[in-house]
Amino acid sequence: TCALPILHHLGTHRAVLGRGVDVSASGVARARELGVDARLGILGAPGTVETGELFDHVVLSEVIEHVATAEELLAQVWSHTRRTLWVTFPNIAYFPHRMRLAGGRFPIQWVVFPGEHLRFWSVPDFREWASGVGLPEPVMLPSNGFTWLGLHRLWPNLLANQVVARFDRRSA
């Protein structure tokens, strides 16, 4: 569930003190068994993060596309970010998704049922959307897709299936 196994790995190998938030009680229990400071909660809900609490790095992995109020969530999370916010999102403009649309079918971006993803972005749409939320220009890092010869990095809007957007705070 969420990035809790990543937090365990970073805590063990990189001396990172991390905290995870997940809606799954069993996921939180597994994370706690591994020694991760994990909380049961819904991102953006009151009490999930204390007022004024800041984190050096915040990761929203496989989250934003499932949230109806993604703008509010992103603005709230950014207000608790001291250095870097990492946000993953599936790219609706990835070429297999385009092919399904051309064939009259909706792109498959779900596992259990089609309503899992509430929000959809292409790479340029996400960049524009994030700007409208008040975030700085992101660095886009295509993480998978058509990876042959690194082509997903050359044409991410067409050849990247999943993208990581990195938002950096400017140093004072």
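**Student:** Teacher, can you tell me more about helix α3 (residues 70-79) here?
**Tutor:** Because the α-helix completes a turn every 3.6 residues, residues three or four places apart line up on one side. Turning to α3, its buried residues number three or more, namely Ala70, Leu73, Leu74, Val77 and Trp78. Each buried residue of α3 lies within a common arc of 130° when the element is viewed along its axis, so the set occupies one face. The secondary structure elements touched by the buried residues of α3 are β3 (55-60), β4 (81-90), α5 (123-133) and β6 (160-168).

**Student:** Which parts of the structure should I look at to understand a nonpolar patch on the surface?
**Tutor:** Residues Phe95, Met99, Phe146, Trp148, Leu149, Leu154, Trp155 and Leu158 make up a contiguous nonpolar surface patch of about 890 Å² in total accessible area. If you trace the backbone, Trp148 turns up in the loop between β5 (139-145) and α6 (151-154). Using a relative accessible area of 56% as the deciding quantity, one classes Trp148 as exposed.

**Student:** Just to check I follow, could you spell out the sheet that holds β6 for this structure?
**Tutor:** Either a parallel or an antiparallel arrangement is found when strands of a sheet pair, and the pairing is made through backbone hydrogen bonds. Taken in spatial order, the four strands line up as β3-β4-β6-β5 in an open sheet, and their pairing is mixed. Edge positions in the sheet fall to β3 and β5, since each has one partner strand and no second. Neighbour to neighbour, the strand axes of the sheet diverge by 15° on average, direction disregarded. Here β4 pairs with β6 via seven bridges, running antiparallel. Of the residues in β6, the one forming a bridge with Leu85 is Phe167. Each of β3, β4 and β6 touches α3; the most contacted strand, β4, lies at about 150° to it. In this fold α5 packs onto β4, β5 and β6, with an angle of close to 25° to the strand it touches most, β6.

**Student:** Please explain the pairing of β3 as it appears in this structure.
**Tutor:** Two faces belong to every sheet, and in a regular strand the side chains alternate between them. Where β3 lies against β4, five bridges are found, and the strand directions are parallel. Following the sheet pairing, His57 is matched in β4 by Thr84. A crossover links β3 with its parallel partner β4, the connecting element being α3, and its sense is right-handed.

**Student:** So what exactly am I meant to see when it comes to the confidence of the model for the chain here?
**Tutor:** Low pLDDT means the predicted coordinates in that region are not meant to be read closely. Of all residues in the chain, 88% attain a pLDDT of 70 or more, and the chain-wide mean is 85. The least confident element of the chain is helix α1 (residues 4-13), whose mean pLDDT is 72; the most confident is α5, at 96.

So, how was this worked out
- Residues numbered from 1 in each chain as written.
- Predicted model: local features only at pLDDT ≥ 70, side-chain atom pairs only at ≥ 80, totals over all residues.
- Heavy atoms only, no water.
- Buried < 20%, exposed > 50% of the residue type's maximum accessible area, 1.4 Å probe, protein only.
- Helix = DSSP H or I, 4+ residues; strand = E, 2+ residues; numbered from the N terminus.
- Arc of directions from axis to C-beta.
- Contact = heavy atoms within 4.5 Å.
- Patch = residues over 30% accessible without salt bridge, like charges linked within 9 Å, V, L, I, M, F, W, Y side chains within 5 Å.
- Areas by Shrake-Rupley, 256 points an atom, 1.4 Å probe, with all protein chains shown as cover.
- Salt bridge = Lys/Arg side-chain N within 4 Å of Asp/Glu carboxyl O.
- Pairing = 2+ DSSP bridges.
- Axes fitted to C-alpha atoms, helices over the stretch in contact; angles between N-to-C directions.
- Right-handed = clockwise from strand over helix to strand, strands pointing away.
- pLDDT = per-residue confidence, 0-100.

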